[in-house]
Amino acid sequence: MITLRRAVERRHDLRRRQEVWLTFDAVDRSTPHQGGFEPLEVLNEERFPPAAGVPRHFLHDAEIVTYVREGELAYETSTSGPVVIRAGEFSRVTAGRGLHVAERNPSRVDWAHVYQIWVRPSATGLEPSAEKRRFSAAQRRGAPCLVASPDGRDGSLRIHQDALIYSALLDPGQHVVHELAAGRRAWLHVVKGEVVLGQELLLRGDGAGITGERAASFTARAASELLLLDLGADEASPPARG
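Residues numbered from 1 in each chain as written. Predicted model: local features only at pLDDT ≥ 70, side-chain atom pairs only at ≥ 80, totals over all residues. Heavy atoms only, no water.

So, on to the sheet that holds strand E18 (residues 194-197). Read from one edge to the other, the open sheet built from four strands follows the order E16-E21-E18-E19, with strand pairing classed as antiparallel. Every interior strand has two partners, whereas the edge strands, strand E16 (175-179) and strand E19 (200-203), have only one. Averaged over all pairs of adjacent strands, the angle between strand axes in this sheet comes to 25°, irrespective of strand direction. (Pairing = 2+ DSSP bridges. Helix = DSSP H or I, 4+ residues; strand = E, 2+ residues; numbered from the N terminus. Axes fitted to C-alpha atoms, helices over the stretch in contact; angles between N-to-C directions.)

Right under this line is the structure:
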């Protein structure tokens, strides 16, 4: 079964410090998957103007994967000094038992284009930690590249949940069949381009939940960039709170 979440259905939040499109909206749960997709709680597209940012705020019990598509994003936590994530880099922050985080665009000229994925951790009160990795365009071109996993396999970021996060850059006509083990489901998000999933055409900003299928099978109809999450049974902990 495929459940669509069109780009126009995302909540668009225009703030002074950033512009955000929320795939899931915890406030409005009137439509399927508004509050998330099992352990996947947040998938936001964000744009930071030059020198803008989010002031220091408190997080706990969340696995946060950040992808900087364009520009740079600097963040600082209560357990680490400043870290700059540059275009093409992914970071993971485990909020665990709690930490303060501040984010900003360090450039005074360029905008930053960022994606944030929050996954509910498999246990509460984890030790806060962070890491980042670069995954080149060559690594991500032509097939899904694993950027986060529960065991850090193949040089991926390590997240504390049974979830696999992939990034892919596809040329027109390229077809992907990502097999799903029994009981697993997937979420596909189109960062750029056009993708055919089953009988559905997904455009930039569209997302789709895939349940009860043996594979996530899709074809790029144009040069496309995708995020794909392969999710196991939710090892539940209380929902993350910012």
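From this point, things continue past the structure.
So, about the nonpolar core. Judged by nonpolar contacts, the single largest core of 23 residues is most densely connected at Leu40, Val65, Ile117, Ile165 and Leu229. Listed by contribution, the elements that provide at least two residues to this core are strand E4 (40-48), strand E6 (63-70), strand E11 (112-119), strand E13 (145-149), strand E15 (163-170), strand E17 (185-192) and strand E22 (224-231). Once residues within four sequence positions are removed from consideration, Leu40 is found in contact with Phe24, Ile117, Trp118, Trp187, Leu229 and Leu231. The next biggest cluster of nonpolar side chains, apart from the first, holds 20 residues, and it includes Leu180, Leu202, Leu226 and Leu228. (Core = buried A, V, L, I, M, F, W, Y, C linked by side-chain atoms within 4.5 Å. Buried < 20%, exposed > 50% of the residue type's maximum accessible area, 1.4 Å probe, protein only. Contact = heavy atoms within 4.5 Å.)

Once that is clear, we can look at unusual backbone geometry. A positive phi angle is found at Ala51, which is not glycine, with a value near 65°. Along the polypeptide, Ala51 turns up in the loop between E4 and strand E5 (53-59). Residues other than glycine seldom take positive phi values, yet Asp154 does so here, at roughly 55°. Considering the arrangement of structural elements, one finds Asp154 in the loop between E13 and strand E14 (157-158). Residue classification places Asp154 among the exposed residues on the basis of a relative accessible area of 70%.

Now for the side chain of Arg120. Within the element layout of this structure, Arg120 appears in the loop between E11 and strand E12 (129-134). A polar atom in the side chain of Arg120 sits 2.6 Å from the side chain of Glu41. (Polar contact = N/O pair within 3.5 Å; in protein donor to acceptor, adjacent residues only side chain to side chain.)

With that settled, the discussion passes to the packing of aromatic side chains. Applying the stated criterion across every chain yields a total of five aromatic pairs. Between Tyr67 and Phe90 the ring centres are 4.4 Å apart and the planes differ by 10°, which places this aromatic pair in the stacked class. Taken together, the positions of Tyr67 in strand E6 and Phe90 in strand E9 (residues 89-94) put the pair 23 residues apart, joining distant regions of the chain. Given the relative accessible area of 1%, Phe90 is considered buried. Counting every residue linked through ring pairs, the aromatic cluster contains Tyr67, Phe90, Tyr115 and Phe135. (Phe/Tyr/Trp six-rings, centres within 6.5 Å; stacked < 30°, edge-to-face > 60°.)

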